Amino acid sequence: MTPPGTGYIDTLTPDQTAVLKEVWSIIFHIADSGEAVVPADMMREVEKEALLGKGAQTPTVQAAAKAGWFSGNKSVQAEEAAKAEGHGHGMAKISLEDLGLSVDKLRPILWDNVMGDHPDALLLRFIRARKWNTINALSMMFKAFKWRLDEDIPAVKYSSDIQLNDQNPEFFEQLEMGKFYIKGTDVEGRMVAYLNVRLHHPSDQPPKTLEKLTIYVMECGRVMVEHPVETVCLVFDLTGFSLSNMDFAMVRYLISIFEAYYPESLGRIVVHGAPFVFWGVWKIIEPWMDPVVASKVRFTRKDQDLLEYIPAEHLPSRYKGGLDKYEYKYIHAQEGENDHMADTATKDRFVAEWKALMWKFEALTREWVLLGTDKQVDAERTEEIVVKERHELAKQLRVAYFRMDPYIRARNLFHRQGVALPDGGVKWTYDN
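The numbers attached to residues start from 1 for each chain and follow its sequence in the written order. This being a predicted model, a pLDDT of at least 70 is required before a residue's local features are given, and a value of 80 or more before pairs of side-chain atoms are given or counted; all residues contribute to the totals for chains, interfaces and linings. Water and hydrogen atoms play no part in the side-chain values, which are based on all heavy atoms of the structure.

The protein has the name CRAL/TRIO domain-containing protein in an unreviewed UniProt entry, where Linnemannia elongata AG-77 is given as its organism.

A. Highlighting the pattern of salt bridges. Salt bridges, as used here, are contacts in which a Lys or Arg side-chain nitrogen is within 4 Å of a carboxyl oxygen on Asp or Glu. Tallied over the full model, the rule gives 26 salt bridges. Salt-bridge contacts for aspartate 112 lead to lysine 157; the nearest nitrogen and oxygen are separated by 3.0 Å. Here aspartate 112 is found in helix α5 (residues 103–114), whereas its partner lysine 157 is found in helix α8 (residues 153–158), with 45 residues between them in sequence. The class of aspartate 112 is buried, set by a relative accessible area of 12%. Numbering goes from the N terminus for both helices and strands, where a helix is a DSSP run of H or I of at least four residues and a strand is a run of E of at least two. Only protein chains enter the accessibility calculation, which uses a 1.4 Å probe; a residue is then buried when its area is under 20% of its type maximum, exposed when over 50%, and partly exposed in between.

B. Main features of the packing of helix α1 (residues 14–33) against α5. Interhelical geometry of α1 versus α5 gives an angle of 135 degrees and a closest axis separation of 7 Å. It follows from the interaxial angle that α1 and α5 lie oblique. You can see that α1 and α5 cross each other, and the crossing is left-handed. Residues Trp24, Ile27, Ile30, Ala31, Asp32 and Ser33 of α1 touch α5, and the partners they reach there are Val103, Leu106, Arg107 and Leu110. Class assignment of the residues belonging to the contact of α1 with α5 gives a composition of seven nonpolar, one polar and two charged. Orientation is described by axes fitted as lines to C-alpha atoms, over the contacting stretch for helices, and by angles from 0 to 180 degrees between their N-to-C directions. Roughly parallel means an angle under 35 degrees; roughly antiparallel, over 145; roughly perpendicular, 65 to 115; everything else is oblique. Two helices cross in a left-handed way if the nearer one is turned anticlockwise from the farther one by less than a right angle. They cross in a right-handed way if the turn is clockwise. Note on contacts: a residue pair is in contact if any heavy atoms of the two residues lie within 4.5 Å. When residue character is reported, Ala, Val, Leu, Ile, Met, Phe, Trp, Tyr, Cys and Pro are called nonpolar, Asp, Glu, Lys and Arg charged, and the others, Gly included, polar.

C. Examining the nonpolar core more closely. Counting residues in hydrophobic clusters, the biggest one holds 66 residues, and the most contacted among them are Tyr194, Ile215, Tyr262, Phe278, Ile285, Met289 and Phe414. Setting aside anything within four residues of it in sequence, one finds isoleucine 285 in contact with Met246, Phe248, Val251 and Ile255. Only buried Ala, Val, Leu, Ile, Met, Phe, Trp, Tyr and Cys residues count toward a nonpolar core, and they belong to the same one when joined by side-chain atoms within 4.5 Å.

D. Seen up close, the sheet that holds strand β6 (residues 266–272). Two strands pair under a simple rule: DSSP has to find at least two bridges between them. Spatial ordering of the open sheet is given by β3-β4-β5-β6-β7, a layout of five strands whose pairing is mixed. The open sheet has two edge strands, β3 (180–185) and β7 (297–300), and neither has a second partner. With strand direction ignored, the average angle separating the axes of adjacent strands in the sheet is 25 degrees.

E. Layout of a negative patch on the surface. A patch consists of residues exposed above 30% relative accessible area that lack any salt bridge, with like charges linked at up to 9 Å and nonpolar side chains (Val, Leu, Ile, Met, Phe, Trp, Tyr) linked at up to 5 Å. Where accessible areas are quoted, they stem from the Shrake-Rupley method and a 1.4 Å probe; at the residue level, only the protein chains shown are allowed to cover. We score Asp and Glu as negative and Lys and Arg as positive, and we do not count His or the chain ends. By convention, charge coordinates are those of NZ in Lys, CZ in Arg, CG in Asp, or CD in Glu. Residues Glu170, Glu173, Glu176 and Asp204 make up a contiguous surface patch of negative charge. Along the chain, the position of glutamate 173 falls in helix α10 (residues 171–177).

F. Fine view of the pairing of strand β5 (residues 232–237). Taken across its six residues, β5 has five buried, putting it largely inside the fold. Strand direction decides the pairing type here: strand β4 (residues 191–196) and β5, joined by six bridges, are parallel. Across the sheet, residue tyrosine 194 finds its bridge partner in β5, namely valine 235. Running through helix α11 (residues 207–222), the crossover from β4 to the neighbouring parallel element β5 is right-handed. Across six bridges, the pairing between β5 and β6 is parallel. Bridge pairing in β6 links phenylalanine 236 to valine 271. Chirality of the crossover, the property in question, places the unit of β5, helix α12 (residues 248–260) and β6 among those that are right-handed. The path from the first strand over the helix to the second decides the hand: if it runs clockwise while the strands point away from the viewer, the crossover is right-handed.

Okay, structure coming up:
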């Protein structure tokens, strides 16, 4: 059970709930008009922390601080603009235009990112990553949305592996060799992703192929993550590692996307079997990492050391002490597995049902945000009633999402293995 006050659904303190409501409120203001007005002091405080180094100073945060809403003296300019438009002294205006987004793209990319998740869970990941600072969380989230649009992440997520192989040289080869795969769960119920570094040579494939592969595997895995376990365990297997396997550009890419675009996704990083030559590499890599991410890194030397993090029944038997006789093999597309995607009539019906629930959830969330204020419409509607209705509606949204899922998203390895179930459930099997 997730402890109270840790910032996850059903554990929020009143103050944390207030921040979540504030984030939703600003999203609605921006979705309705393209801009929102917030206290200028809030923006100035955040801007000062970002630009003067009072917050986390990873390369990702530094880059974010120099762009978007916090460029130059934009908060001062925003306050002047807000006053000129009659918003009042001490208020500042923020808009999507600063981030290169548009109103018509905000709602689709937000809900495309939610998928089968509870909508609050997505927002809370960004809020926790930015230490409950509303403006920083929104800035981070909108930058992530912009990245998803620029990189066309939805196309990667919904495409078949055959299509991705046609578009990206050596794509199938990466999947077939088992360089990066997901299997089973760790001692805390997190999915485990194994990265066999000895199989990687930077010159063997275009960098863009590796990036697309990473996104594809992550997006496939994200659909299988469900509250209360919202993070994954990464095992970097350095058995047989040499400097010829080292790819600093790819390491930077992984760090940047986990920190900036998939926040709060990493629960544990296990670096296994590192040879002596790796420690010089580690001295270069560690400063690139956010301190919070770096604190999740653990090193294991012997295979049996992995049992502290992965149950013996779940650990592949190629590691001493592991009991699962699993051997990775990539299963290619099966004939007819994506026939549902051609059934446009059923697809349209299921999409319409999901959208109706989406609009209903938004309306209920708008009501929730206004509870206890002078703008509350129905005085008989209590926090307890509305919260219960939102949670129930979030469950209905999840059911509706997975009902339409086979009509909008191509099947992948996890469907072929029987791991990803039609209702969104996950069923790992182990050969003990």
